[in-house]
Amino acid sequence: MELKDLKIYNSLSGEKVKFIPVQEGFVGLYVCGPTVYSNVHLGNCRSFISFDLVYRYLTYIGYKVRYVRNITDVGHLVDDADDGEDKISKKARLEQLEPMEIVQQYTLDFHKVMDQFNSIPPNIEPTATGHIIEQIEMILTILDNGFAYESNGSVYFDVEKYNETHPYGELSGRKIEDLISNTRDLDGQDEKRAPLDFALWKNASDEHLMKWPSPWGLGFPGWHLECSAMSTKYLGEEFDIHGGGMDLKFPHHECEIAQGTASNGKAPVRYWMHGNMLTLNGKKMSKSTGNSILPEELFSGVNDFMEKPFDPMVVRFFMMQAHYRSTLDFTSDALLAAEKGYDKLAEAIKTSTNLKISKESSLNIQDLVASFYAAMNDDFNAPILVANLFEAVKFINSVKDGSQTVSKEDLELLQTEMNAFVQDVLGLRQGNPSGDDKLSPVMDLVLDLRQEARENKDWTTSDKIRDGLATAGIVVKDSKEGTSWN
RNA sequence: GGUCCUGUGGCCGAGCGGCUAGGCAAAGGUCUGCAAAACCUUGUACAGCGGUUCGAAUCCGCUCGGGACCUCCA
């Protein structure tokens, strides 16, 4: 498949455009990672899973991808009224823990959840605290270039100065005049020359736990700087794709563009990609209103929203049925529907390994397979891919029923590509239900006994076995070729 | 208040000027000891009201919902 066919919606231009990497055959991908001061919630996960899909597809079509996703462990300000105490140190004091203990705890939780979702770890997962020196160096460069100023041990980015030569607000479609007129009066703004200016380095108060020495005294890096410093370090001054949630567009990503441009002289990112939000029962997820659910709660079924527990792969499949730029609503009914669809897909993949071969195919398999690529090449349109995969499901089942035929070569092609798109691209880990080596022989025996009963028309016994297995969660299906179970 | 996105059949969700995805649910049928599964058939949806057009779910305006950002946030 031709790599050049891929189109990506670039948030910067607001258009779907052909993807052309800086260096042919290679892709630099940076995604804003989590702030590890609490458990990742489902909305965070959707965003990371969206970019996992991007990473997987780019890799699948042959790009060598360097995927960088940071861990924000410095913490951000809780609000402007609490004199610079950051989120992580606040929680630490509450729980009587070292800040880095909090970081460790929630980083582990994050990794565990992403693993449950079968999300591939990034190639580099840098931490903000591990790149204080790089951040300080970047601040020095921005100061040298005249786009920042020091004030009482803090350093601020001079937005208006920057705007004289570069369009601040180009990503989020904002005009600097509007921003100025909309800025609220906040505490602690007196150090800044203008309310729009943002911190590159903040002077730390005595109570502040996480702080580092710098040319401006003890302090900590500003909210937006880590991504600029780390993406530059690992992907270069100009790289291909930067991803994140919609809510990061302004000010976070806008500031990244400004910082990168102010220090390197050119815009840091070619393609900006933004994933959309998640809603729960039609309303936005919010911890404060209680309209929120943790991945573990979804998997365990211990929550107030869902009728039953859902497998992480079902949740992932559900997410894949919506485009990453659309909002997605989580409801019990929707998950239930996704679960059935997912089972049907998985079942058909198993069926495909045991089909009767014919001389010719009654369907153009190459076209079908091409439709998988076409869907993904169109700005990673996973829902279309899923729809096309279900066309294949229908075909496979029809071949099984004898109403369609498939040739050896076509079946091999279809199997290879379906497996690749389901497992490698969509990241849907196919479990092996019959892979339990101890259970398989037992099931063979039990089904053998049931078959004997059926042959003797002893329906009482055969149904007893079937119902009993159903209670244990094993579904028995009879067909002409024999009895299967899962 | 400002900036922007969005509203699709019972449910979830693609499409985004003509050729009317897909999944789930529903109804009828085939198969089957019964069931399950599978297959076949059926259902003409695009918030409301105007407008542009030969033609609109798709473009424009207004109204009414939902959401994002403007402050840490995926």
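Residues numbered from 1 in each chain as written. Chains lettered and ligands numbered in written order. Predicted model: local features only at pLDDT ≥ 70, side-chain atom pairs only at ≥ 80, totals over all residues. Heavy atoms only, no water.

(A) View of the overall build of chain A. For chain A, the count of helices and strands is 16 helices and 15 strands. Along the longest, intermediate and shortest principal axes, the C-alpha atoms of chain A span 90 × 50 × 35 Å. Looking at chain A as shown, the accessible area adds up to about 22800 Å², and 49% of this sits on carbon and sulfur atoms. Between the centroid of the 49 positive side chains of chain A and the centroid of its 74 negative side chains there is a distance of 6 Å. (Helix = DSSP H or I, 4+ residues; strand = E, 2+ residues; numbered from the N terminus. Areas by Shrake-Rupley, 256 points an atom, 1.4 Å probe, with all protein chains shown as cover. Lys, Arg positive; Asp, Glu negative; His and termini not counted. Charge placed at Lys NZ, Arg CZ, Asp CG, Glu CD.)

(B) Representation of the protein's contact with RNA strand B. In the vicinity of RNA strand B there are 55 residues, among which Lys 87, Gly 245, Leu 248, Lys 284 and Ile 384 approach most closely. When the atoms of RNA strand B within 4 Å of the protein are sorted by group, sugar and phosphate make up 66%. One of the backbone N or O atoms of Gly 245 is found 2.2 Å from a sugar or linking oxygen in RNA strand B. Within the side chain of Asn 381, an N or O atom sits 3.2 Å from a phosphate oxygen of RNA strand B. By residue class, the composition of the surface near RNA strand B is 18 nonpolar, 19 polar and 18 charged. (Near = heavy atom within 4 Å. Polar contact = N/O pair within 3.5 Å; in protein donor to acceptor, adjacent residues only side chain to side chain. Nonpolar A, V, L, I, M, F, W, Y, C, P; charged D, E, K, R; others polar.)

(C) The sheet that holds strand S12 (residues 283-284), seen in detail. In spatial order, the strands read S12-S11-S13; together these three strands make up an open sheet with mixed pairing. Each edge of the sheet is formed by a strand with only one pairing partner; in this case those strands are S12 and strand S13 (328-330). In this sheet, S13 lies alongside strand S11 (residues 278-280) in parallel orientation, the contact comprising three bridges. Note that in S13 the partner of Leu 278 across the bridge is Leu 328. (Pairing = 2+ DSSP bridges.)

(D) Region of interest: the nonpolar core. Phe 157, Phe 330, Phe 380 and Met 418 are the most contacted members of the largest nonpolar core, which totals 129 residues. When residues are assigned to domains, this core turns out to be shared by domain 1 (3-275) and domain 2 (279-425), each giving three or more. Once residues within four sequence positions are removed from consideration, Met 418 is found in contact with Leu 345, Ile 349, Phe 372, Leu 389, Ala 392, Val 393 and Ile 396. Counting residues in hydrophobic clusters, the runner-up holds seven residues, among them Met 443, Leu 447, Leu 469 and Ile 474. (Core = buried A, V, L, I, M, F, W, Y, C linked by side-chain atoms within 4.5 Å. Buried < 20%, exposed > 50% of the residue type's maximum accessible area, 1.4 Å probe, protein only. Domains from an automatic or database assignment. Contact = heavy atoms within 4.5 Å.)

(E) Here's a closer look at the packing of helix H1 (residues 42-60) against helix H3 (residues 99-116). H3 packs onto H1 with a crossing angle of 60 degrees between their chain directions and a minimal axis gap of 11 Å. By the angle class used here, H1 and H3 are oblique. Of the two elements, H1 crosses H3, and the hand of that crossing is right-handed. When H1 is examined against H3, the residues Cys 45, Phe 48 and Ile 49 are found in contact with a partner set consisting of Phe 110, Val 113 and Met 114. Considering only residue class, the contact of H1 with H3 consists of six nonpolar, no polar and no charged. (Axes fitted to C-alpha atoms, helices over the stretch in contact; angles between N-to-C directions. Parallel < 35°, antiparallel > 145°, perpendicular 65-115°, else oblique. Left-handed = near helix turned anticlockwise from the far one by under 90°.)

Limitation: the analysis is restricted to geometry and does not speak to function.
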